[in-house]
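An overview of the molecular structure
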Amino acid sequence: MSVTSVDKDFDALTLTLVADFEASTEQVWDLWADPRKLEKWWGPPTHPATMIDHDLTPGGRVFYYMTGPEGDRFHGTWRFTAVDAPKSLEFVDYFADAEGRVDDALPPNTVHVELSPYAGGTRMELRAAFDTREQMDQLLATGMAEGLQQAATQMDALVA
């Protein structure tokens, strides 16, 4: 398993996942950059993702949905604020409606992903930052930490 840690820092208002891969930085980057590959790992195995829009550029967006075991769909959208291929990306992660409009029922969080050489492979550090403790608690209650870990674990098979 590539995921080495998932840490909740309630003082810094962050959730950080660290994963190490026996793959090049470019291979791991491609799992973010290629929408077909992103579909194969984003979301827990019980909720596979379908990418509708994918524009990995500053100001670009991803619009997707995850399909649950009962066929229900959960939509999300990312707005990219920074992209430095193949090293890092940053986006604001929102819940969305079926048309891709931001759904304010749940708060957004800002995600920063850093890829760096590590032990002959690549280390991915994904840090989700929240504006308030209440927002962090609200999103963690949805199973965000567990879902993120399950999703990232699926990356191993794609870079093998």
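I will try to describe carefully the structure that is included in this document. (Residues numbered from 1 in each chain as written. Predicted model: local features only at pLDDT ≥ 70, side-chain atom pairs only at ≥ 80, totals over all residues. Heavy atoms only, no water.)

**Here we look at the overall build of the chain**
Along the chain, the regular secondary structure elements total five helices and eight strands. Mapped in sequence order, the helices and strands of the chain form the string β-β-α-α-β-β-β-β-β-β-α-α-α. Taking 15 Å as the expected radius of gyration for a compact globule of 160 residues, we find that the chain reaches 15 Å, a close match to that expectation. Here the chain, with 160 residues, has 42% of them falling under the buried criterion. When the 12 positive and 27 negative side-chain charges of the chain are each reduced to one mean point, those points stand 4 Å apart. (Helix = DSSP H or I, 4+ residues; strand = E, 2+ residues; numbered from the N terminus. Rg over C-alpha atoms; globule rule 2.2 N^0.38 Å. Buried < 20%, exposed > 50% of the residue type's maximum accessible area, 1.4 Å probe, protein only. Lys, Arg positive; Asp, Glu negative; His and termini not counted. Charge placed at Lys NZ, Arg CZ, Asp CG, Glu CD.)

**Here we look at the pattern of salt bridges**
Evaluated as defined, the whole model comprises seven salt bridges. Put simply, K37 and D30 hold a salt bridge, and the shortest N to O gap is 2.4 Å. Between R61 and D53 there is a salt bridge, with its nearest N and O atoms 2.7 Å apart. (Salt bridge = Lys/Arg side-chain N within 4 Å of Asp/Glu carboxyl O.)

**Side note on the sheet that holds strand β7 (residues 109-118)**
Strand order in the open sheet formed by eight strands is β1-β2-β8-β7-β6-β5-β4-β3, and the pairing between neighbours is antiparallel. For this open sheet the edge positions go to β1 (3-9) and β3 (49-54), each flanked by a neighbour on one side alone. Each strand of the sheet is rotated relative to its neighbour by a mean of 20°, with strand direction disregarded. Relative to strand β2 (residues 14-21), β1 runs antiparallel, the two sharing six bridges. Bridge pairing in β2 links V6 to L17. Along the sheet, helix α1 (residues 25-33) makes contact with β2, β3, β5 (73-84), β6 (88-96), β7 and β8 (121-129), crossing β7 at roughly 155°. (Pairing = 2+ DSSP bridges. Axes fitted to C-alpha atoms, helices over the stretch in contact; angles between N-to-C directions. Contact = heavy atoms within 4.5 Å.)

**Here we look at the side chain of E39**
Looking at the element boundaries, E39 is found in helix α2 (residues 35-39). Polar contacts involving the side chain of E39 include one to the main-chain amide nitrogen of M51, which spans 2.8 Å. Sequence-distant contacts of E39, defined by excluding residues within four places in its chain, comprise A49, T50 and M51. (Polar contact = N/O pair within 3.5 Å; in protein donor to acceptor, adjacent residues only side chain to side chain.)

**Re the nonpolar core**
With 41 residues, the main nonpolar core has W32, W42, W78, M124 and M155 as its most contacted residues. With sequence-adjacent residues up to four places away left out, M124 is seen in contact with L17, V18, A19, F21, W32, V113, E114, L115 and M155. (Core = buried A, V, L, I, M, F, W, Y, C linked by side-chain atoms within 4.5 Å.)

**Focus: the packing of aromatic side chains**
A full pass over the atoms with the stated rule returns eleven aromatic pairs. With centroids separated by 6.2 Å and ring planes inclined at 50°, the aromatic side chains of W32 and F91 adopt a geometry described as tilted. With W32 in helix α1 and F91 in strand β6, the pair connects residues that are 59 residues apart, well separated along the chain. Accessibility classification places W32 together with F91 in one group, the buried group. Consider the rings of F80 and F91, whose centres lie 5.6 Å apart with planes at 70°: the pair is edge-to-face. Here F80, found in strand β5, pairs with F91, found in strand β6; they are eleven residues apart in sequence, far enough to count as distant. With a relative accessible area of 4%, F80 lands in the buried category. What links up through ring pairs into an aromatic cluster is the set W32, W41, W42, Y64, W78, F80 and F91. The ring of Y118 has R123 sitting right over it, with the charged end atom 3.8 Å from the ring centre. (Phe/Tyr/Trp six-rings, centres within 6.5 Å; stacked < 30°, edge-to-face > 60°. Lys NZ or Arg CZ within 6 Å of the ring centre and 35° of its normal.)

By themselves, these figures tell us nothing about what the structure is for.
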